[in-house]
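Residues per chain are reported as follows:
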Amino acid sequence: MKRSKSEVINATVESYLKRRHYQQAGDFLCKSDQSICQTGDEMTLSATVKWSMSRDNSIVFSAITIDTAAADQAYERLKMWVNVILNDKLKMELKGLLYPVFCHLYLEMLHAGNRQAAVQFLKSHQGEFINETEKSFLEELASVFSVQDIELRPLVNAFRTRKYKVDMSDVAHICLQQFLKKHGHITLMQIINTHVTIIKKVDSISMDIDINENRGQRPEVGINGHIEQPCGTGVDREMRELQEAIRLIQNSAWQPLRIFTVNNAIENASCGMVTPNLDKVAVGFSTAEIRLWGSSETVLVKPDFREPSVSLARSVPPWNKFSESNLFKDEAGAIVLRGHTDVVHDMRFISNADLLLTVSSDKDMRVWRLHDYTCAAVYNGHNYPIWCMDTSIFNLYIATGSHDRTAKLWSLDRKFPLRIFAGHFLDVNSIRFHPNARYLATGSADKTVRLWDKDDANLLRVYVGAQSTIYSLAFSPDGKYLAAAGDDKSISIWDLATNSLLTELKGHQDTVMNVDWSPDGQCIASASADGIVRLWSTQDYILVSNSGSKTSSNKTENFHAYSTYCSIAIKKF
């Protein structure tokens, strides 16, 4: 008698489970409960099983959304299990698996959109890898905060798209299988199955001899121990290629992702900032207030007091906390944060700790909790108004620039500044950390840009050439170039390696208030008091002759200009 399609599918899955030594198929499949329909996830899993059944070191694969907390716990469990193994040789073999699993777990968390949890996971465990090659790669990995960043960094992209080779004896492989069968999390199994190639060693002595004989003759080994082999199954690769194609279509190179407008604030709005995931917008006002909105479908919920995950100095006493009854919302539904006593000039979000940092003319830097909308800490150190601020990678340090002609370096767990950068003759209007966080750049009303060593506050270089006050600075993502803009209506680009001025970008009709680089370094955005945002292609405009001479560009036909219909525009990538 001819069987139905659902019976054929059940029989196939049942046969597969038996070959994999799972429980009786009856525990998983009850024919009376089966549905002929399949969800998208079920179809993906079925196709994946078909592709992976014949793989030698296949453990299990499941196309699921990663649970970051459970994945972190699973990695901790795997690490603890490896560390308690008494046999040193066995321990060393299994330790080789921790590094690729750790790196791919971080990238999987980013792929699932859990940037905050991913950064915390990386910071918690990266110190365990002391090999110089591993440390160097982890430094590169620390600059990746999204799936798009992976494509922009060849080293990380190679790691993600190649398979990592781990040599393992039969005994170690059997021990790993038994552990994963008993304690393994599905995400760990997926990473091992998709991104790791386990090479079984038949005889450890002969293997050592082979390694010594063939050292330097392993063309298949690429970056950091991965072999040249496409990552994942055919279905997995096709799905990733499709997702990438959709992303490229949705994120056109010259179209903004989102535009925010603050109405009825021509005289009052003084600064603004959007969270990296675009879920909140904060605006500072000359009335000393800060207003916080939820963007898109984000709703700002009632206060929920929780201690921040970072240590803060000068925390506000418990009796000063906001309650739901005294939380103030304006007529537009914005949360109003009050504490500063003068104009708010700059702000930064620390997303992994749900904090907002603000600086003001009242000479203070304040830290606000976004859980309960309270001021968590106040930092004093400047003698005059603070104009600007910036945060380093991982938000370990904060830098501020002031009317007192100095810049200061802060750590949130210290109530006093760690370093003082003195040397400018007039106000410090802009400050930026170098991508490697070892250097600071400051722009001033004295028409100079200065580069400082963060660790000892020594002045390294002075860049001159600007014709007027500097209002904005930006390092290129690779740290090779520095852009500065201000009252002279142009953007100056310096080469940090040669200490030379490469080019000046001209086209704005008024003061350039802000400048920034795109994450891929392919273009520069500038925003001016003329209400125009311009995008400049770095390939077209950063031109250096063989002699290293400066080039100047005022070709208006090549840049892209966008009118904001505002009196002053501020643009950040």
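Throughout, a residue's number is its position along its own chain's written sequence, starting from 1. With the structure being a predicted model, the display of local features is reserved for residues of pLDDT at least 70 and the display and counting of side-chain atom pairs for 80 or more, all residues being used for whole-chain, interface and lining totals. The basis for the side-chain values is all heavy atoms of the structure; hydrogens and waters are excluded.

As annotated in an unreviewed UniProt entry, the chain carries the name TFIID subunit TAF5 NTD2 domain-containing protein and is attributed to Odynerus spinipes. What the UniProt record of the chain gives under Sequence similarities (unreviewed entry) is the line "Belongs to the WD repeat TAF5 family." UniProt positions are given in the numbering used here, feature names are shortened, and annotations may be inferred rather than shown by experiment. In its Subcellular location (unreviewed entry) section, the UniProt entry covering the chain states "Nucleus".

Any two strands are treated as partners once DSSP identifies two or more bridges connecting them. Only DSSP runs of H or I reaching four residues or more are called helices, and only runs of E reaching two or more are called strands; each is numbered from the N terminus. Across four bridges, strand β18 (residues 449–453) lies against strand β19 (residues 459–463) in antiparallel orientation. Note that in β19 the partner of Arg-450 across the bridge is Val-462. Following β18, the chain reverses through five residues before pairing antiparallel with β19; Ala-457 in that reversal takes a positive phi of roughly 65°.

Taken in spatial order, the four strands of this open sheet run β4-β5-β6-β7, and their pairing is antiparallel. If you trace the sheet from one side to the other, it starts and ends with β4 (269–274) and β7 (335–338), each paired once. On average, each strand axis in the sheet is tilted by 20° relative to the strand beside it, whichever way the strands run. Angular values range over 0 to 180 degrees, each being the angle between N-to-C directions of two axes fitted as lines to C-alpha atoms, with helices fitted over their stretch in contact.

Basic side-chain nitrogens of Lys or Arg form a salt bridge, by our definition, when they fall within 4 Å of a carboxyl oxygen of Asp or Glu. Within this structure, the stated rule accounts for 11 salt bridges. As a salt-bridge pair, Arg-160 and Glu-108 come within 2.8 Å of each other at their nearest N and O atoms. Of this pair, Arg-160 sits in helix α10 (residues 154–161) while Glu-108 sits in helix α6 (residues 98–111), placing them 52 residues apart in sequence. Think of it in three bands: with a 1.4 Å probe and only protein chains considered, a residue is buried below 20% of the maximum accessible area for its type, exposed above 50%, and partly exposed in between. In this structure Glu-108 comes out as buried when scored by relative accessible area, which is 9%. With a closest N to O distance of 2.8 Å, Arg-338 and Glu-289 form a salt bridge. Residue Arg-338 is found in strand β7, and its partner Glu-289 is found in strand β6 (residues 289–294); the two are separated by 49 residues along the sequence. A relative accessible area of 14% means that Glu-289 is categorised as buried.

With that settled, the discussion passes to the UniProt feature "repeat: WD" (unreviewed entry) in the chain. Those residues carrying the UniProt feature "repeat: WD" (unreviewed entry) are residues 337–378, 379–413, 421–462, 463–504 and 505–546 in this numbering. Between the first and last C-alpha atoms of residues 379–413 the distance is 10 Å; the span itself is 0% helix and 51% strand.

Attention shifts here to the sheet that holds β19. Two modes of strand pairing occur in sheets, parallel and antiparallel, and in both the strands are linked by backbone hydrogen bonds. The four strands lie next to each other as β16-β17-β18-β19, forming an open sheet whose pairing is antiparallel. Only two strands of the sheet have a single neighbouring strand rather than two, namely β16 (428–433) and β19. Sheet twist, expressed as the mean angle between neighbouring strand axes with direction ignored, is 20°. Sheet topology note: the strand β17 (residues 439–444)/β18 ladder contains five bridges and is antiparallel. Looking at β18, one finds that Tyr-439 is bridged to Asp-453.

With that out of the way, let us pick up the side chain of Arg-348. Checked against the element boundaries, Arg-348 lands in strand β8 (residues 344–350). When its relative accessible area of 11% is taken as the criterion, Arg-348 is described as buried. Within 3.5 Å is the distance limit for a polar contact, defined as a pair of N or O atoms, with the added protein rule that one can donate a hydrogen and the other accept it, and that residues adjacent in sequence qualify only through two side-chain atoms. Within the local environment of Arg-348, its side chain forms a polar contact with the side chain of Asp-346, the two groups lying 3.0 Å apart. Those residues in contact with Arg-348 that lie beyond four places of it in its chain are Met-273, Leu-355, Leu-356, Leu-357, Met-389, Asp-390 and Thr-391. Any two residues whose heavy atoms approach within 4.5 Å are treated as being in contact.

Attention now goes to unusual backbone geometry. The phi angle at Ala-437 is positive, at roughly 65°, despite the residue not being glycine. In this structure, Ala-437 sits in the loop between β16 and β17. Looking at Ala-437, the relative accessible area reads 9%, which means it is buried. Positive phi is not limited to glycine here, since Lys-447 has a value of about 75°. Tracing the backbone through its elements, the reader meets Lys-447 in the loop between β17 and β18.

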